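Observations on chain architecture
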Amino acid sequence: MSNKAVHYVSKSASAAAGSIGTAAAAAASAVAAAAVAASVVLSPVPNAEARMDGVHADLQRAVELNQITAEQAARFEAKLAGRILGEA
């Protein structure tokens, strides 16, 4: 076999190995993403009281960080309470 032929075969083999590695990495990423999505979809939904506790804690943290005022937090919490507790 000529040197050009050997060079071509080895370059082709390297390129094929690279594409297989890339495809395997993409497949692994897709599987991982699907597993995360399934865990989110299949996780139990917290009850309305637990959701409101989380909302309250988050809003308190925002007030402490001066991101919103206490009045804004109270109005927003009341609005969400009507929606969340209204569903329950």
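It should be emphasised that the depicted structure is a prediction, and the values quoted were computed from it without experimental measurement.

1. Let's talk about the overall build of the protein chain
Along the backbone of the protein chain there are three helices and zero strands. Along its sequence from the N terminus, the protein chain presents helices and strands in the succession α-α-α. With an accessible surface of roughly 6800 Å², the protein chain has 64% of that area assigned to carbon and sulfur atoms.

2. Quick word on the confidence of the model for the protein chain
A low pLDDT means the predicted coordinates there should not be read in detail. When pLDDT is averaged across the protein chain, the result is 79; 62% of the residues are at 70 or more. At the low end of the mean pLDDT range in the protein chain sits helix H1 (residues 3-42), at 67; at the high end sits helix H2 (residues 48-64), at 94.

3. Remarks on the pattern of salt bridges
The full count for this structure, using the stated rule, is one salt bridge. Between Arg 61 and Asp 58 there is a salt bridge, and its shortest N-O distance comes to 3.1 Å. Of this pair, Arg 61 and Asp 58 both sit in helix H2, three residues apart, which is roughly one turn of that helix. On the accessibility criterion, Arg 61 (45% relative accessible area) is partly exposed.

4. Quick look at the nonpolar core
If you look at the biggest cluster of nonpolar residues, it comprises eight residues: Ala 48, Met 52, Val 55, Leu 59, Ala 73, Leu 80, Ala 81 and Ile 84. Once residues lying within four places of it in the same chain are set aside, the contact partners of Ala 73 are Leu 59, Val 63 and Ile 68.

5. Here's the deal with H2
Between its first and last C-alpha atoms H2 spans 24 Å; for 17 residues at 1.5 Å apiece the expected length is 24 Å, and the two agree. Taken together, the buried positions of H2 are Ala 48, Met 52, Val 55, Leu 59 and Ala 62. Projection of H2 onto a plane perpendicular to its axis shows the buried side chains occupying an angular sector of 85°, all on one side. Of the exposed residues in H2, the ones pointing more than 90 degrees away from its buried face are Glu 49, Asp 53 and Glu 64. Following H2 by one or two positions, Asn 66 has its phi on the positive side, about 60°.

6. Things to note about the environment of Asp 58
By relative accessible area, Asp 58 is classed as partly exposed at 45%. Taking the C-alpha atoms as reference points, Asp 58 and Ala 73, separated by 15 residues in sequence, lie 9.5 Å from one another.

Reading guide: rules and limits
Residues numbered from 1 in each chain as written. Predicted model: local features only at pLDDT ≥ 70, side-chain atom pairs only at ≥ 80, totals over all residues. Heavy atoms only, no water. Helix = DSSP H or I, 4+ residues; strand = E, 2+ residues; numbered from the N terminus. Areas by Shrake-Rupley, 256 points an atom, 1.4 Å probe, with all protein chains shown as cover. pLDDT = per-residue confidence, 0-100. Salt bridge = Lys/Arg side-chain N within 4 Å of Asp/Glu carboxyl O. Buried < 20%, exposed > 50% of the residue type's maximum accessible area, 1.4 Å probe, protein only. Core = buried A, V, L, I, M, F, W, Y, C linked by side-chain atoms within 4.5 Å. Contact = heavy atoms within 4.5 Å. Expected span 1.5 Å × (residues − 1). Arc of directions from axis to C-beta.

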